[in-house]
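# Structural features, examined
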Amino acid sequence: MKRNRHIPLRFVISLLLLTAAACNSKLDVKPGQHITPDEIRTAADVKAVLFGAYKSMQDFNAFGERYILIPDLLGSAGQVSFVGTFTEYRDIFNKAQVAQSLIAQGIWQRSYVTINGANVVLSKLDLLDAAEKDAVEGEARFVRALTYYELVNLFGQPYSAGNIGVNEAVPLVLEPTTVYDPEKDNKPRATVDAVYKQIVSDLTAAAATLPASYSDNNGRATKYAAQALLSKVYMAQARYTEAATAATEVISEGGFSLAATFDKAFNNVSGSTEDIFAMLQTDQSNGGSANSGLTTMYAAYNATPMAGRGDVRVDTNLYKIYGEHDDRRAFIYEGTGIAGGIGEYSRKWKDFYRAIPVIRLADIYLIRAEANARAGATIGGKTPLEDVNTVRVRAHAAALATVTAEQVVEERFRELAFEGDWLWTRKRLKMNIGTRSYNDPKMVLPVPQRERDVNELLSQNPGYDN
């Protein structure tokens, strides 16, 4: 019998709720039981679903691994090489993925689990007190926007490719899915333009209602997380003045600071001073530590104190873009992979159960620098050169005397290697990725065949057999 992503979502709500069962005994259900939106009757229930949505983003099909790793493998040329044994990952690395890709399917399904959690929260705001209603709404909108931003990048052609009102991305699902109704729940893919408009709408609303900070948890979205993500979205749309303005608000008012040294920006238990938004992990709550998870894939097989698989190595061609004394060039170590052989590995993802930076301050400095350079402006009162050198000096790289927009982009490649940014930056600037063009069909994941089998409204991306 055919199955689809809509039917399990009724059960998914119980999974989202169970992640917060420790602080809400009503939600401590037994295996096999379901909790439906109709059973969400208190403010505590709503917040439990919200925290479940955060937890969902921690999954290896999301920021726990694939939102970062898969773009790195697709945009691997000059950055990483795949030396592992998993055929599906090797297919991504070789740009040979097929419509039946389990990786694409896993990302799609997990993303819509997260989105459904956010939608449930937004449908139950009336259960909240006025004092917390705005903040919870903002968090849910941020979670939904961030997830759609990953989806539109992975499954749609980039905004820079034009035809944004024609090119298709993913379905926009903005209401909770409970009991599957094909007439209501089967939706076609929305255009790239429609998805971007929804992302901007959600983030603008979130930035207006989210608190500036939390006293007890730095793993939740703040107004500055929303502004930071807006700056990234605006860059993808070539809205440079707006990108620089959003970035300036984060830099000037967010209270963030670059970690004292480059190495201190990574492998932190609870995030660093420059983490604007991060996925927090523990040994009980993480993206995986056996055959999945960001650290599992990136850490060497002989790493200590806990070994990874060593499947993803540093492409030694990457060293050519760094100066001799740049700390970022030296932030590697020698190790072996589970399949054998010796190579070099990034220290960014070396330690297990550490925070995964999703948006950090160095990225925002470089966004403002590039946006100002392209707009011919000094929004925020800083020149592009000042912002770039702020990042370079932290890494002990020699300060530049002058800088162009293209040199800012080169600095992005140095600073954000192995963080899933390499591919998206090349796409938005229409740069080749190895020997492939930025809009090559294989630089986009296939719409999972499993989804298309049960939803005839879903079209397939070019380059994949139907």
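What you are looking at is a predicted structure, and each value in this text was computed from that prediction instead of being measured. (Residues numbered from 1 in each chain as written. Predicted model: local features only at pLDDT ≥ 70, side-chain atom pairs only at ≥ 80, totals over all residues. Heavy atoms only, no water.)

## Notes on the overall build of the protein
Defined as follows: Numbering of helices and strands starts at the N terminus; helices are DSSP runs of H or I of at least 4 residues and strands are runs of E of at least 2. The quantity called the radius of gyration is restricted to C-alpha atoms. Its globule counterpart is 2.2 Å times the number of residues to the power 0.38. Buried residues are those whose accessible area, probed at 1.4 Å on protein chains only, stays under 20% of the maximum for their type, while exposed residues exceed 50% and partly exposed ones sit between those limits.
Along the protein, the regular secondary structure elements total 16 helices and six strands. Radius of gyration (C-alpha) of the protein: 21 Å, near the 23 Å computed for a compact globule of 466 residues. Referenced to the eigenvectors of the C-alpha coordinate spread, the extents of the protein come out at roughly 60 × 50 × 50 Å. Classification of the 466 residues of the protein by burial places 59% in the buried group.

## Focus on unusual backbone geometry
Of note, the amide linkage connecting Thr304 to Pro305 takes the cis form, showing an omega dihedral of 5°. Structurally, the position occupied by Pro305 is in the loop between α11 (294-298) and β3 (312-314). A positive phi angle, near 50°, is found at Asn163, a position not held by glycine. One can find Asn163 in the loop between α6 (130-155) and α7 (182-185). By relative accessible area, Asn163 is classed as exposed at 54%.

## Concerning the pattern of salt bridges
To keep it simple, the criterion reads: Note on definitions: salt bridges are taken to be side-chain nitrogens of Lys or Arg within 4 Å of carboxyl oxygens of Asp or Glu.
Under the counting rule described, the total for this entry stands at 35 salt bridges. The salt bridge partner of Glu249 is Lys223, with a shortest N-O separation of 3.6 Å. Here Glu249 is found in helix α10 (residues 240-253), whereas its partner Lys223 is found in helix α9 (residues 223-236), with 26 residues between them in sequence. One salt bridge connects Asp440 with Arg436, and the closest N-O pair in it is separated by 3.3 Å. Given the relative accessible area of 15%, Asp440 is considered buried. Exposure remark for Arg436: the relative accessible area of 26% places this residue in the partly exposed category.

## Points about the pairing of strand β6 (residues 356-360)
For clarity, the cut-off: At least two bridges found by DSSP between two strands is the condition for calling them paired.
Counting buried positions over the five residues of β6 gives five, a clear majority of the element. Two elements, strand β2 (residues 275-279) and β6, share four bridges in a ladder whose sense is antiparallel. The partner of Asp275 across the bridge, within β6, is Arg360.

## Side note on the packing of aromatic side chains
The geometry of two aromatic rings is summed up by the distance between their centres and the angle between their planes. To be explicit about the condition: Centre distance within 6.5 Å is the pairing criterion for rings of Phe, Tyr and Trp, where only the six-membered ring of Trp is used; planes under 30 degrees apart are then read as stacked, over 60 as edge-to-face, and the remainder as tilted.
The tally for this structure, following the rule as stated, stands at 17 aromatic pairs. On the basis of an interplanar angle of 90° and a centroid distance of 4.8 Å, the ring pair of Phe63 and Tyr67 is categorised as edge-to-face. A relative accessible area of 3% means that Phe63 is categorised as buried. Judged by centre distance (5.1 Å) and plane angle (90°), the rings of Trp108 and Phe155 are edge-to-face. Here the residue Trp108 occupies a position in helix α5 (residues 102-123), and Phe155 occupies one in helix α6, the gap between them amounting to 47 residues.

## Some points on the side chain of Asn119
The condition that has to hold: The contact definition used throughout considers only heavy atoms, calling two residues in contact when any of these lie within 4.5 Å.
Counting through the fold element by element, Asn119 comes out in helix α5. Overall, Asn119 belongs to the buried group, its relative accessible area being 1%. Each residue touching Asn119, except ones within four places of it in the same chain, is listed here: Arg144, Val173, Leu174, Glu175 and Pro176.

## Section: the nonpolar core
Across soluble globular proteins, you tend to see nonpolar side chains buried next to one another. Here is the rule: The criterion is simple. A nonpolar core is a set of buried Ala, Val, Leu, Ile, Met, Phe, Trp, Tyr and Cys residues joined through side-chain atoms within 4.5 Å.
Ile70, Phe142, Tyr148 and Phe277 are the most contacted members of the largest nonpolar core, which has 120 residues in total. If you tally residues by element for this core, the top one is α6, at 12 residues. Setting aside chain neighbours within four positions, we find Phe142 in contact with Leu203, Ala206, Ala221, Ala225, Ala226, Leu229 and Phe277.

## Looking at the environment of Leu230
Structurally, the position occupied by Leu230 is in helix α9. The exposure class assigned to Leu230 is buried, which follows from its relative accessible area of 4%. Contacts of Leu230, omitting those with residues within four sequence positions, involve Val200, Leu203 and Thr204.

## Focus on the packing of helix α2 (residues 43-57) against α6
Note the following rule: Simply put, an axis is a line fit to the C-alpha atoms, just over the touching stretch for a helix, and the angle between two N-to-C directions goes from 0 to 180 degrees. An angle counts as roughly parallel when it lies under 35 degrees, as roughly antiparallel when it exceeds 145, as roughly perpendicular when it falls between 65 and 115, and as oblique in every other case. A crossing counts as left-handed when the near helix is turned anticlockwise from the far one by less than a right angle, and as right-handed when that turn is clockwise. Polar here means any residue other than Ala, Val, Leu, Ile, Met, Phe, Trp, Tyr, Cys and Pro, which are nonpolar, and Asp, Glu, Lys and Arg, which are charged; Gly is therefore polar.
Packing of α2 against α6 brings their axes to within 11 Å, and their N-to-C directions diverge by 25°. Compared by their axis directions, α2 and α6 come out roughly parallel. Considering the relative orientation of α2 and α6, their crossing is left-handed. Between α2 and α6, the residues in contact are Ala43, Val46, Lys47, Leu50, Ala53, Tyr54 and Met57 and Glu132, Val136, Glu139, Ala140, Val143, Leu146 and Thr147, respectively. The class makeup of the residues in the contact of α2 with α6 is 10 nonpolar, one polar and three charged.

## Thoughts on the confidence of the model for the protein
For clarity, the cut-off: Note on scores: pLDDT gives the predictor's confidence for each residue, bounded by 0 and 100.
The share of residues in the protein with pLDDT of 70 or more is 92%, and the mean pLDDT across the chain is 92. Confidence drops under pLDDT 50 across residues 17-34; counting only partners more than four residues distant or on other chains, this segment forms 31 contacts.

## Notes on empty space enclosed by the protein
Our working rule: A pocket, in this scheme, is an open set of points on a 1 Å grid over the protein atoms alone with protein on both sides within 12 Å along at least 5 of 7 lines, while a cavity is a set where a 1.4 Å probe fits but cannot get out; residues line either one if an atom lies within 4 Å of a point. Grid points are joined across faces, edges and corners, and a volume is the space filled by probe spheres set on the points.
In this structure the tally under the stated criterion is four cavities of 30 Å³ or more. Put simply, the largest cavity is a space of about 450 Å³. Taken together, 30 residues form the lining of the largest cavity, with Tyr149, Lys232, Gly420, Asp421 and Trp424 sitting closest to its centre. Sorting the residues of the lining of the largest cavity by element identifies α3 (66-74), α6, α9, β6, α12 (361-375) and α15 (422-428) as the ones contributing at least two each. Taken together, the residues of the lining of the largest cavity sort by class into 17 nonpolar, four polar and nine charged. Considered as a void within the structure, the second largest cavity measures approximately 90 Å³ in volume. If you go around the second largest cavity, you meet 14 residues; those closest to its centre are Tyr322, Arg328, Phe331, Lys348 and Phe418. Residue composition of the lining of the second largest cavity, grouped by class: eight nonpolar, one polar and five charged.

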